[in-house]
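Close look at the chain arrangement
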Amino acid sequence: MSGASSRLIVALDLPDRGAALGMLDRLAGRAGCFKVGLELFVREGPSLVEEMRARGATVFLDLKLHDIPNTVAGAVRSAAALGVEMLTVHASGGKRMLEAARRAAESTGRPPLILGVTALTSLDDDDAERLGIAGGIERWVERLAGLADEAGLGGVVSSAGEVPRLRARFPRMRLVVPGIRPAGAAATDQARTARPAQAIRSGADFLVVGRPILEASDPAAAAERIVAEIDSALRPGEPEKA
Ligand code: C5P
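Let me sum up the structure you'll find in this document. Keep in mind the model is a prediction, meaning the values are calculated, not measured.

**Details of the packing of helix α1 (residues 17–27) against helix α3 (residues 46–54)**
The contact between α1 and α3 brings their axes to 11 Å, and the two run at 20°. Taken together, the axes of α1 and α3 lie roughly parallel to each other. When the axes of α1 and α3 are compared, the crossing they make is right-handed. Across the interface between the two elements, Arg-17, Ala-20, Leu-21 and Leu-24 from α1 touch Ser-47, Leu-48, Glu-51 and Met-52 from α3. Tallied by class, residues from the contact of α1 with α3 come to 5 nonpolar, 1 polar and 2 charged.

What follows is the structure, encoded as structure tokens:
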């Protein structure tokens, strides 16, 4: 797998096991990691993750846990036992919850990378204001990332727009960016979107892409185009092939 394809995480937001495993097989070798989110996990459960692992996939379990510290710690241990590589918790769960998540992961034989979700990429400043968040999304994301950093988490999820400031302030953190839209793709329900090259140049470590690949007439070709764009963004000075 190339350096560029290892930066691509495909969100398998699909209705069932057959669709997910079919897509996994079509995209094998074209992405570093496959994300199982709520739709799929609620329907198919841990056995799907085990089947994906048996097929050699690296799995990101995106459950966006948000509960009291003890409950989150238990869920983290259960997820770690499935051998997932990455797992999300909401950073807004607070520092004690984030620390409990980190400690629970560390207590396992194969700790997943715990990522703190900052502000969902579907939210804009107006939503934030209605949620009672003062000062706008960017400052909120930075505060949440700061909390995740203090709690010792390995990374955060944010939109590409916040990445330059997060990269400068938290150099050791893995920055995972959804809301990726290649040229010509519809924004759909995402509010804070970026092109793949733009996100990588801003300092993102991993890009999460769902519908622009899943809904393409040829998903493998769509993934390859995104990887090519990531690759050119990783080579400073070379013009982007998009
Ligand atoms: O289809 P699309 O490319 O918009 O998918 C983005 C994926 O990233 C979805 O699975 C969504 O749950 C996830 N995600 C997000 N915003 C976050 C965290 C995760 O869009 N802040």
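Having seen the structure, we can now continue with the description.
**Points about the environment of Arg-192**
With respect to the helices and strands, the residue Arg-192 is situated in the loop between β7 (174–177) and α9 (196–202). Taking the C-alpha atoms as reference points, Arg-192 and Ser-159, separated by 33 residues in sequence, lie 6.1 Å from one another. With residues up to four places along the chain from it excluded, the contact list for Arg-192 reads Ala-119, Leu-120, Thr-121, Ser-122, Leu-123, Ile-137, Val-141, Ser-159, Glu-162 and Gly-179. Side-chain polar atoms of Arg-192 contact the backbone oxygen of Leu-123, separated by 3.1 Å.

**Examining the side chain of Thr-88**
Position of Thr-88 relative to the elements: it lies in strand β4 (residues 86–90). The exposure class assigned to Thr-88 is buried, which follows from its relative accessible area of 1%. Contact partners of Thr-88, with chain neighbours within four places excluded, come to Phe-60, Leu-61, Asp-62, Leu-63, Lys-64, Leu-65, Leu-115, Val-117 and Val-157.

**Looking at the pattern of salt bridges**
In the structure shown here, the tally under the stated rule is 18 salt bridges. Note that Glu-142 and Arg-165 form a salt bridge whose closest N and O atoms lie 2.6 Å from each other. Taken together, the residues Glu-142 in helix α7 (residues 137–150) and Arg-165 in helix α8 (residues 163–169) connect sequence positions 23 residues apart. Exposure remark for Glu-142: the relative accessible area of 10% places this residue in the buried category. As a salt-bridge pair, Arg-235 and Asp-231 come within 3.0 Å of each other at their nearest N and O atoms. Residue classification places Arg-235 among the partly exposed positions, given a relative accessible area of 40%. Judged by relative accessible area, Asp-231 falls into the partly exposed class, the value being 21%. The network of salt bridges with shared partners includes Arg-17, Arg-43 and Glu-44.

What counts as what
Residues numbered from 1 in each chain as written. Predicted model: local features only at pLDDT ≥ 70, side-chain atom pairs only at ≥ 80, totals over all residues. Heavy atoms only, no water. Axes fitted to C-alpha atoms, helices over the stretch in contact; angles between N-to-C directions. Helix = DSSP H or I, 4+ residues; strand = E, 2+ residues; numbered from the N terminus. Parallel < 35°, antiparallel > 145°, perpendicular 65-115°, else oblique. Left-handed = near helix turned anticlockwise from the far one by under 90°. Contact = heavy atoms within 4.5 Å. Nonpolar A, V, L, I, M, F, W, Y, C, P; charged D, E, K, R; others polar. Polar contact = N/O pair within 3.5 Å; in protein donor to acceptor, adjacent residues only side chain to side chain. Buried < 20%, exposed > 50% of the residue type's maximum accessible area, 1.4 Å probe, protein only. Salt bridge = Lys/Arg side-chain N within 4 Å of Asp/Glu carboxyl O.

None of this, on its own, says anything about what the molecule does.
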